[in-house]
Amino acid sequence: METRIEKDSFGPIAVPAERLWGAQTQRSLEHFAISTERMAPELVAALAQVKRAAAAVNRSLGLLPADKADAIVKAADEVLDGRHPDEFPLVVWQTGSGTQSNMNMNEVLANRASELVGGARGEGRLLHPNDHVNMGQSSNDIFPTAMHVAAAQAVVQSLLPALARLRGTLEIKARDFADIVKIGRTHLQDATPLTLGQEFSGYVAQLEYSEHAIKSTLPGLLQLAAGGTAVGTGLNTHPDFAGRIAAEIGSRTSISFKTAPNKFAALAGHDALVGTHGALKTLATALMKIANDVRWMASGPRSGLGEISIPENEPGSSIMPGKVNPTQCEALTMLCCQVFGNDVAITMGGASGNFELNVFKPMIIHNFLQSARLLADGMRSFNEHCAHGIEPNRERIGELMERSLMLVTALAPHIGYDRAAQIAKKAQHEGTTLKQAALALGFVTEQQFQDWIVPLDMTRPGL
Ligand SMILES: O=C(O)C[C@H](O)C(=O)O
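So, here is what we can say about the structure in this document. (Residues numbered from 1 in each chain as written. Predicted model: local features only at pLDDT ≥ 70, side-chain atom pairs only at ≥ 80, totals over all residues. Heavy atoms only, no water.)

**A closer look at the pattern of salt bridges**
Tallying each qualifying case throughout the model produces 29 salt bridges. Taking the shortest distance from any N to any O, the salt bridge between Arg394 and Asp179 comes out at 3.8 Å. You can see Arg394 sitting in helix α13 (residues 394-403) and its partner Asp179 sitting in the loop between α6 (139-176) and β3 (181-186), a full 215 residues away along the chain. Its salt-bridge partner being Glu430, residue Lys426 comes within 3.1 Å of it at the nearest N-O pair. Taken together, the residues span about one helical turn, with Lys426 and Glu430 both in helix α15 (residues 417-430) at a distance of four residues. If you follow the salt bridges from partner to partner, you end up with Glu78, Arg83, Arg112, Glu115 and Arg121 in one network. (Salt bridge = Lys/Arg side-chain N within 4 Å of Asp/Glu carboxyl O. Helix = DSSP H or I, 4+ residues; strand = E, 2+ residues; numbered from the N terminus.)

This is the structure we're talking about:
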């Protein structure tokens, strides 16, 4: 492999000639050959966006010559356009500040910007990774800035729209199923009736709650650390840099980012990411419940509950011919478990800052973005391939409802709890209907039974 020599404060090191990265990226590759998890593409893109904004702001402040700033902006645009996907090879499990990924971006942009203004890549380059690309910045404020930008974009542009679409589908189902009376279940045992529409309205409300919870955490996510530099004081940066870079990133992303009012907290804690992820975890708990209900209600087709049908998308079994499984529910519940695990990791990372810096940054953002991606894709897949196609099996629902002993609850206000319980137990032990047991015990007349046990009336408040 052809190489060139790049240098940093540790001295020379050979780098593949075809690569734009420099000495510090190369050292990271050699010292952190740990597992397969690479810095997320969303984070790399956010970092390029932040570097682009920094160059533009430093130019506007008269700190960076226009030709150099413009070259950095162009190089960053190339990264944002996906033209250098192989230049960001570093793994998550590196320095906890993300310094090596920050330097990876600085090195790539310096080399590429140099080429764009007619210079070389490598030691003869016309732009310096630290002096020009990293001007007025530290990994300690820039990496968390990129974390917030990537996280906010993932939540606002991908996750919330997917959530709204799934909620919309379930809302339509709730309306369509409004007149279907079915048996309720508590403790996995028969309970009093409700409508299938009421059951689905519960799912809609759970999703609404999560949506509200996620949105309520967004103000924290929109605060950026940039301008704090090494420990939050803003040493080596222009006093206007912080406000201007937040505005610049905001105008480029159409998300109203603001400079964090307290840079010490922005570097040393990641409470906003912990908070938003907590809301993502809440969403995962709701999705898990919904997906579990759907697969239970769809269980069968002959020996299960069979109250609803879900789309049959693919063969379920390699050995059992004709078997079809609730695979979308399985994918969704699995990814919810991953989100729960990510929440524990993010909580531990967020709680572990020391003095002026939190050094769990790459792990926190890796897990956060994975959760956001899993939930957005998972909801889209579940919506398109399962929720949309849910159909009620009215006959089966009616049959299970008629057989239910808990319809007896409607008699309790008329004949008392103890007599109603006697009817239910007699019917269960003797294998008869409720009506037969009630008449045999002489607690009600046939007419009273008919008047008082009306399943539809039992789906709303009333005596
Ligand atoms: O990389 C930096 O800018 C700072 C580094 O994370 C440090 O605090 O040692």
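This is not the end of the story, as more comes after the structure.
**Observations regarding the packing of helix α10 (residues 271-297) against helix α11 (residues 327-350)**
Close contact between α10 and α11 brings their axes to 9 Å; oriented N to C, the two are set at 155°. Considering their axes alone, α10 and α11 lie roughly antiparallel with respect to each other. Where α10 crosses over α11, the handedness of that crossing is left-handed. Its residues placed into classes, the contact of α10 with α11 shows 14 nonpolar, seven polar and four charged. (Axes fitted to C-alpha atoms, helices over the stretch in contact; angles between N-to-C directions. Parallel < 35°, antiparallel > 145°, perpendicular 65-115°, else oblique. Left-handed = near helix turned anticlockwise from the far one by under 90°. Nonpolar A, V, L, I, M, F, W, Y, C, P; charged D, E, K, R; others polar.)

**Concerning the pairing of strand β1 (residues 3-8)**
The two faces of β1 differ: Arg4, Glu6 and Asp8 on one face are buried, but Thr3, Ile5 and Lys7 on the other face are not. Across six bridges, the pairing between β1 and strand β2 (residues 11-16) is antiparallel. The residue bridging Arg4 from the neighbouring strand is Val15, located in β2. Count of turn residues in the β1/β2 antiparallel hairpin: two residues. (Buried < 20%, exposed > 50% of the residue type's maximum accessible area, 1.4 Å probe, protein only. Pairing = 2+ DSSP bridges.)

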